[in-house]
Amino acid sequence: MEKKLGILGCQSKHAEFFGSLFNIENAFPGYQVHYLFGDDEPERLPYVQRTAVIPTVCHSADALIEQSDVVLITYREGQRHFAPAMACLNQSKPVFIDKPFTLTPDEAQALIEKSIEKHVPMLGGSTLCFDPQIEPFSSAAHTSHFGTIAYRADADSPFGGYRFYGSHLTDLCATVFGTDAQSVEAFRFGNAVSTCVVYPNRLVMLYSQPDLKKPTIIMDDRRNLNKLTLDDERCYFNGMQAFVRLLEAGKPDPQKLNELAFSVRLLEAIIQSLTQGGEIQLI
């Protein structure tokens, strides 16, 4: 039986990107986007609906959740993610939450606990994390001494400041280098942000500025430096493919949920360090 998906939010281009994967490219047979609600930028609704060939525009988020089998939350602002995501889980509706996953660590933890309690699949964050190149690279990263992740982010973004694109870096840090970091210290130089993430046996630097083009990961293998450039054009497919696989499995992925929780804590610590200065403890 076909699964009917709903998309919440149309301000982000991810709405039509995700919708088109299901409805035009038919990348995932058995899954189609039927519903759209976009109170974040209503003037874009007709464009998103037409571009992704979405049949129905709903009159509220509650109506969309009620009618959908699965929900994609694509609001740009992280503070708009928690309430509809929790509503989905309470109704046992699987949900994908676009980056940034949540605004606060407490929100992330509450969603994760609810997902596990209800045994409902939930995924989200940066779709860059689902690049198939990452898995073999991250296996070696956990024994490295040093790493760097560089990608664009704007600390002055109108969509939540550093959180909006900085979440790409923290999500990747969790996925590639692990969730056992002990502390962070962040510095801002003009429009660039540099963060030192201290792990028990390694040091990871996160570097961002608004005009960086490609997400890049560098790490040592105790002898040489290895570089990985991620595909930020196919990332939408990779993310939805991972979500559909989770839907087919029919249960949450505890490891990925743990990575999302850590990423939100890491991002919060970076913002605290930028705001008040100094090193912020993560444990």
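Residue indices follow the written sequence of each chain, beginning from 1 at its first position. Per-residue local features are limited, in this predicted model, to residues with pLDDT of at least 70; the limit for side-chain atom pairs, both in listing and counting, is 80 or more; totals at the level of whole chains, interfaces and linings are taken over all residues. Derived side-chain values reflect all non-hydrogen atoms in the structure, with water molecules and hydrogen atoms excluded from consideration.

**A look at the pattern of salt bridges**
Phase 1: Criterion for a salt bridge: a side-chain nitrogen of Lys or Arg within 4 Å of a carboxyl oxygen of Asp or Glu. Inspection of the entire model under this criterion finds 7 salt bridges.
Phase 2: Note that Lys 114 is salt-bridged to Glu 117, the shortest N-O span being 3.6 Å. Of this pair, Lys 114 and Glu 117 both sit in helix α5 (residues 105–118), separated by 3 residues, roughly a single helical turn.
Phase 3: By relative accessible area, which is 18% here, Lys 114 ends up buried.
Phase 4: The salt bridge involving Asp 232 is made with Lys 214; its shortest N-O contact spans 2.7 Å. One end of the pair, Asp 232, is in the loop between β12 (225–229) and α8 (235–249); the other, Lys 214, is in the loop between β10 (203–208) and β11 (216–220), with 18 residues separating them in the sequence. For the purposes of this entry, the term helix denotes a DSSP run of H or I that reaches at least four residues, the term strand denotes a run of E that reaches at least two, and both are numbered from the N terminus. Per-residue accessibility, obtained with a 1.4 Å probe over protein chains only, is compared with the maximum for each type, and a residue is labelled buried under 20%, exposed over 50%, and partly exposed between these values.

**Side note on the side chain of Lys 256**
Phase 1: Mapped onto the elements of the fold, Lys 256 is located in helix α9 (residues 254–276).
Phase 2: Classification of Lys 256 by relative accessible area gives buried; the value is 8%.
Phase 3: Excluding anything up to four places from it in sequence, Lys 256 contacts Leu 123, Cys 129, Phe 130 and Thr 175. In this description, contact between two residues means that some pair of their heavy atoms is separated by no more than 4.5 Å.

**Regarding the environment of Asp 171**
Phase 1: Summarising the element assignment, Asp 171 is placed in helix α7 (residues 162–177).
Phase 2: With relative accessibility at 7%, the residue Asp 171 sits in the buried group.
Phase 3: Residues Asp 171 and Ser 126, spaced 45 residues apart in sequence, show a C-alpha to C-alpha distance of 6.3 Å.
Phase 4: Non-local contacts of Asp 171, meaning those with residues more than four positions away in its chain, are made with Gly 125, Ser 126, Cys 129 and Ser 263.

**Examining the layout of surface pockets**
Phase 1: Definitions used for this entry: grid spacing 1 Å over protein atoms alone; cavity, a set of points where a 1.4 Å probe fits but cannot get out; pocket, an open set with protein on both sides within 12 Å along at least 5 of 7 lines; lining residue, one with an atom within 4 Å of a point. Grid points are joined across faces, edges and corners, and a volume is the space filled by probe spheres set on the points. As a volume, the largest pocket reaches approximately 580 Å³.
Phase 2: Around the largest pocket, the lining is made up of 18 residues, and of these Cys 129, Phe 130, Glu 135, Ala 242 and Asp 253 lie nearest the centre.
Phase 3: Looking at the lining of the largest pocket, the elements with two or more residues in it are α6 (134–141), α8 and α9.
Phase 4: If one sorts the elements of the lining of the largest pocket by residue count, α8 sits on top with 5 residues.
Phase 5: Classification used: nonpolar for Ala, Val, Leu, Ile, Met, Phe, Trp, Tyr, Cys and Pro, charged for Asp, Glu, Lys and Arg, polar for all others including Gly. Of the residues in the lining of the largest pocket, the class split is 7 nonpolar, 5 polar and 6 charged.
Phase 6: Of the voids in this model, the second largest pocket is the one considered here, and its volume is about 300 Å³.

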